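Chains, contacts and geometry: an overview
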Amino acid sequence: MIRNLLLTILVGLMAISTMGFAPAPTFKTGTSTELSVSIKIDVNDGEPIEAALRRFKREVNKSGHMMELRHRRYFENSQEKKKRKIKEGRMRIRMERMRKRRERNRT
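All values reported here derive from a predicted model rather than from experimental measurement.

A short note on the overall build of the protein
Within the protein, the secondary structure is distributed over four helices and zero strands. When the elements of the protein are put in sequence order from the N terminus, they spell out α-α-α-α. Counting across all 107 residues of the protein, residues that qualify as buried make up 7%. Summing over all exposed atoms, the protein offers an accessible surface of approximately 10,700 Å²; the carbon and sulfur share of this is 59%.

Quick look at the structure:
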């Protein structure tokens, strides 16, 4: 009886001591192409699914998630990224000028 008690205590201590030296499992929470997307739309009663889908697509485009995923699809070194950012800036300025010109011509 004492022998069984000592044996169970010894087995328990061995289990505890080996657990202390075991490395803790680490789980990676995603890849580099994973983005935290939280886009929600409320579908109204009687609203056609096409209209809700159109609104959802508009929200996705406004959030910029798809463009970010397109850029992360392939590796882009820092020089290519700088060139792309400069091009995007030029295009943004150009579009802003066009929008201002249209507003002036309207009035």
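A word on the pattern of salt bridges
Taken as a whole and assessed by the stated rule, the structure comprises seven salt bridges. Between Glu68 and Arg72 there is a salt bridge whose closest N-O contact spans 3.0 Å. Residue Glu68 and its partner Arg72 are both found in helix α3 (residues 65-72); the two are separated by four residues, about one turn of the helix. According to the relative accessible area criterion, Glu68 is partly exposed, its value standing at 33%. Of the charged contacts in the structure, one is a salt bridge between Glu76 and Arg84, with a shortest N-O distance of 2.9 Å. Exposure class is identical for Glu76 and Arg84. Each is buried. When salt bridges with common partners are traced through the structure, they connect Glu76, Arg84 and Glu88 into a single cluster.

Description of the side chain of Glu47
Tracing the sequence through the fold places Glu47 in the loop between α1 (2-21) and α2 (49-63). In this structure the side chain of Glu47 is engaged in a polar contact, spanning 3.2 Å, whose partner is the side chain of Arg55. Discounting residues that sit within four places of it in the chain, Glu47 has contacts with Asp42, Ala52 and Arg55.

What to know about a positive patch on the surface
A contiguous patch of positive charge, built from Arg97, Lys100, Arg101, Arg102, Arg104 and Arg106, is present on the exposed surface. Tracing the sequence through the fold places Arg101 in helix α4 (residues 78-106). Take Arg101: its relative accessible area is 44%, and that puts it in the partly exposed class.

Section: the confidence of the model for the protein
Residues of the protein with pLDDT of at least 70 account for 67%, and the chain-wide mean is 80. Across the protein, element-level confidence peaks in α4 with a mean pLDDT of 95 and bottoms out in α1 with 58.

Regarding the environment of Arg84
Looking at where Arg84 falls in the secondary structure, it is placed in helix α4. Its relative accessible area of 16% is what places Arg84 among the buried residues. Separated by 13 residues in the primary sequence, Arg84 and His71 have C-alpha atoms spaced 9.7 Å apart. A polar contact of 2.9 Å, which involves the side chain of Arg84, links it to the side chain of Glu76.

Some thoughts on α2
Residue pairs three or four apart in sequence face the same way in an α-helix, which turns once every 3.6 residues. With 15 residues, α2 should cover 21 Å at 1.5 Å per step; its first-to-last C-alpha distance of 21 Å lies within 8% of that length. Residues of α2 that are buried include every one of Ala51, Ala52 and Val60, and no others. Residues of α2 that are buried in the fold lie against α3. In the segment just after α2, Gly64 is the residue with positive phi, at about 85°.

Thresholds, definitions, all that
Residues numbered from 1 in each chain as written. Predicted model: local features only at pLDDT ≥ 70, side-chain atom pairs only at ≥ 80, totals over all residues. Heavy atoms only, no water. Helix = DSSP H or I, 4+ residues; strand = E, 2+ residues; numbered from the N terminus. Buried < 20%, exposed > 50% of the residue type's maximum accessible area, 1.4 Å probe, protein only. Areas by Shrake-Rupley, 256 points an atom, 1.4 Å probe, with all protein chains shown as cover. Salt bridge = Lys/Arg side-chain N within 4 Å of Asp/Glu carboxyl O. Polar contact = N/O pair within 3.5 Å; in protein donor to acceptor, adjacent residues only side chain to side chain. Contact = heavy atoms within 4.5 Å. Patch = residues over 30% accessible without salt bridge, like charges linked within 9 Å, V, L, I, M, F, W, Y side chains within 5 Å. Lys, Arg positive; Asp, Glu negative; His and termini not counted. Charge placed at Lys NZ, Arg CZ, Asp CG, Glu CD. pLDDT = per-residue confidence, 0-100. Expected span 1.5 Å × (residues − 1).

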